[in-house]
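Observations on the three-dimensional arrangement
Next come the chains, spelled out residue by residue.
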Amino acid sequence: MAFPKGIKRRRPSGEYELRGVVAFLFLAIVFLCGFAHVFYHQQVLQRAYFEDFRFNKEQRHIRVFSKQSSEIALGYLGVDISEGERPYNCLPEHMRNDGSICKEWMNRARLYLNYQENGPDLRCYKISWSSLSKDYYPTDCYEEGGKYGHWYGGGRTLGMAWPVELGRVEMSPFVTGHVERHRWGSVLRRYFINSRGVAITVDPQTPLYVSINAGKESRLCLQARHDDFAYILSGLPQLNYTLCTASNMKTLHSGLSEKSLWDGLTQSDVEVINSLITEPVWQITPLDKNRLTENAVVNYTEDVIALGFLRQGHVMLNEFWQSEVGDFTLDTSRFPTIKDTINIIHRRGFRIVLTIQPFISTESSNFAEAVKKGYLVTERGGDSSRKIPALTRYNSVRSAGMIDITNNNTIPWLKSKLSKLVADYQINSFYLDLGKAYDIPHYYKFTKKLTNPDHYKGLFISAVVGSVQVFGVSGAIVRPPAPIFVSLPPLPSTWESLQVMIPLILTYGIVGYSFLIPGAVGGDYLVDRPLPYRGNNSLDYSLSGMGHESESSNGLPDRELYIRWLQLATFLPVIRYAHLPSEYDEQVLELAKLLTSLRTQSVNPLLKKYVSEALDSGTPLIRPLWMLDPNDSACHLVKDEFSVGEELIVAPILSPGIYEKEVYLPAGVWKDGIDGSLRKGSRWIHNYKVSLDKVAYFVKMPDNTRF
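This section reports on the structure supplied with the text. Sequence positions are assigned chain by chain, starting from 1 and proceeding in written order. Per-residue local features are limited, in this predicted model, to residues with pLDDT of at least 70; the limit for side-chain atom pairs, both in listing and counting, is 80 or more; totals at the level of whole chains, interfaces and linings are taken over all residues. Hydrogens are left out, water is left out, and the side-chain values use all remaining heavy atoms of the structure.

Okay, the environment of Ile356 next. Inspection of the secondary structure assignment puts Ile356 in strand E19 (residues 351-356). Relative accessibility thresholds used throughout: buried, under 20% of the residue-type maximum; exposed, over 50%; partly exposed, between the two (1.4 Å probe, protein chains only). With a relative accessible area of 1%, Ile356 lands in the buried category. Sequence separation of Ile356 and Asn318 is 38 residues, and the distance between their C-alpha atoms is 7.8 Å. The contact criterion used is simple: two residues touch if any of their non-hydrogen atoms lie within 4.5 Å. Excluding residues within four positions of it along the chain, Ile356 makes contact with Trp321, Phe328, Leu418, Phe430, Tyr431, Leu432 and Asp433. What counts as a helix is a DSSP run of H or I of at least four residues, what counts as a strand is a run of E of at least two, and both are numbered from the N terminus.

Take a look at the structure:
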């Protein structure tokens, strides 16, 4: 049957396929052109202003690259500025003469970028924000983890995470505090270093706030902000810091460490360092003032001598040697014949160390004089002519004034008090318990302005050093001059405290404190009702129960905890005792003898050797494994081992009822300290057996050692 001629003939299917291919190619070309345009635009925005450094001015992202062109850091600058806010070139009058790149966001902030090459393998980028509004706080964040590596440094936080990105810290002032109530501990430094070979050092004048993983992202954030306590400064906040890179983190850390710490050291200073390393510190620090008596000190030193295997050392008394804190004279009611007693103690080979604080109790005999002569910190605000002393509380002192070390008249008065103590009683040295920033009266006013409350610590140390011998300090934000050692914070007698010891010591060493005094073996105090052991680093209990002594413990730390703590302390720079091994059974006493012999024969010579290196280069005595092999990624996460210098790795047991552990050894050949066998490095030792009377340690052998 024929179809009508008016019906059109159908198009062949091949024609439709051809049109589809043409349309697809057209869309692909449009897409590629658009992508190329966007990509080109982004590349123009993300300019390589400096070598291995790219900055996208619209998104305010910086990317830092290694010499091998791999991305090692990603930063988000000015995170509170929206992407829609356009940056402008700075006006000529706002430009700097150092060659800095300058960008400005209207009524928000001004950004300066600069580059400085410090040697063949150290490149540094100066980043500086100036706020242009009292409501804007410059904030920069850097990625953590993954391809951007692991961050270390800063200082102690609650739980003491190692690396820092494993922890969490809300945005808070970077000043010292009590970690039970504040975000940061008693020893800090504005320094963070990354496993990819990136480091950040923040200018000391910056009113610095820091957060770690405070939001959903894993980021380390820096912020500049003024407030009514930590940073009482006029003007608008500025965030100034330097970002440096090198081929690896060990080279980078060495390049940024303080050098020549021995400058100005006397022979007596060197003797103090050696005595602290080779002789114990005997801590007599009862929580009840009435228990610190002349007889108690005499009996304690007699018990030490009776042990027969421990050397005499430094007998350290807490602030209760005074009748009231701030008297600066011994309490004659509890120390009636102390001059003769100290002579006897000296003949026995001990040194006497007294703890002093920058606080004067309102009950002290010196308080009225200090108020009258203006030696104390005053209240901020009100009638400036009245100069009302600002009161605070600290430890056992419920009401006290604080010595205004910025008053030039105060320093001679304080020095005369301490010099008289030395002359009258032949005191060997002093331990400075300086408190934390939050121990300063909240509305403080010093004679001279401080950049922040922690600035006080450095001024106090400088005022005292030179007139008397200083043995150690309780806290710091800058490295005190050698031979002053920095003390770890007091830790309660718990397994969680033992676990936090190694990350704490490694962090302090990395941020620049080479000479450290750990706390007492077994912990500094007992807690009233410690939380059940949970196998983590949490220290989130109340300290209101400090000093509780239950009938079951007889006032002693747990026996197994004491043993494991003593094994760890054997390898640390200073060993400090509050409870003697003889207060336990014969097995503990025998173990203490063996550990003392190990320390005397193997550890002390190593420590003395690396003291010279620390004084020359600022390298810590106790080091993380990554300082032995910075390119070994396994070393970056090990938090329960450490090395003494380059030659000895220690892997102590840190949990109750555990008699085996996983041990990692860096590259090289290592001799097992328990059985004497040789082991290859760059590998894990699984299920390594460690009985209660043993401690795992490994000695580095020469590179040419063969099995």
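Still to come is the rest of the account.
To continue, consider the packing of aromatic side chains. Paired rings are identified among Phe, Tyr and Trp, the last through its six-membered ring, by centres lying within 6.5 Å, and are further divided according to the angle between planes into stacked (under 30 degrees), edge-to-face (over 60) and tilted (the rest). Scanning the model with the defined rule gives 25 aromatic pairs in all. Look at Tyr444 and Phe446: their rings are 5.7 Å apart centre to centre, the planes differ by 65°, and that puts the pair in the edge-to-face class. Using a relative accessible area of 7% as the deciding quantity, one classes Phe446 as buried. The structure contains a cluster of three or more aromatic residues connected by ring pairs, namely Phe229, Tyr438, Tyr444, Phe446, Tyr456 and Phe460.

Okay, the packing of helix H7 (residues 410-425) against helix H8 (residues 455-464) next. Axis definition: a line fitted to C-alpha atoms, limited for helices to the stretch in contact. Angles are taken between N-to-C directions and run from 0 to 180 degrees. Where H7 contacts H8, the axes come no closer than 10 Å and their chain directions differ by 55°. When the interaxial angle is binned, H7 and H8 end up oblique. Relative to H8, H7 is oriented so that their crossing is right-handed. Of the residues in H8, those in contact with Ile411, Leu414, Lys415 and Leu418 of H7 are Phe460, Ala463 and Val464. Amino acid classes used here: Ala, Val, Leu, Ile, Met, Phe, Trp, Tyr, Cys and Pro are nonpolar; Asp, Glu, Lys and Arg are charged; the rest, including Gly, are polar. Taken together, the residues of the contact of H7 with H8 break down into six nonpolar, no polar and one charged. Roughly parallel means an angle under 35 degrees; roughly antiparallel, over 145; roughly perpendicular, 65 to 115; everything else is oblique. Rotating anticlockwise by less than a right angle from the far helix to the near helix defines a left-handed crossing, while the corresponding clockwise rotation defines a right-handed one.

Before going further, it helps to spend a moment on the sheet that holds strand E8 (residues 123-131). In this scheme, strands are said to pair when DSSP sees at least two bridges between them. Read across the open sheet, the eight strands follow the order E5-E6-E7-E8-E16-E13-E12-E10; overall the sheet is antiparallel. Of all the strands in the sheet, just strand E5 (87-89) and strand E10 (151-155) have a single pairing partner and so form its edges. Put simply, the sheet's adjacent strands are angled 20° from each other on average, direction ignored. Relative to strand E6 (residues 101-105), E5 runs antiparallel, the two being bridged by three bridges.

When the sulfur atoms of two cysteines come within 2.5 Å, that pair is taken as a disulfide. Applying the stated criterion across every chain, the model contains three disulfides. Across the disulfide from Cys141 sits Cys221; the S-S distance is 2.0 Å. In this structure the cystine formed by Cys141 and Cys221 twists about its S-S bond by roughly 110°; its chirality is therefore right-handed. Here the residue Cys141 occupies a position in strand E9 (residues 139-143), and Cys221 occupies one in strand E15 (residues 219-224), the gap between them amounting to 80 residues. Of the two residues examined, Cys141 and Cys221, each falls in the buried class.

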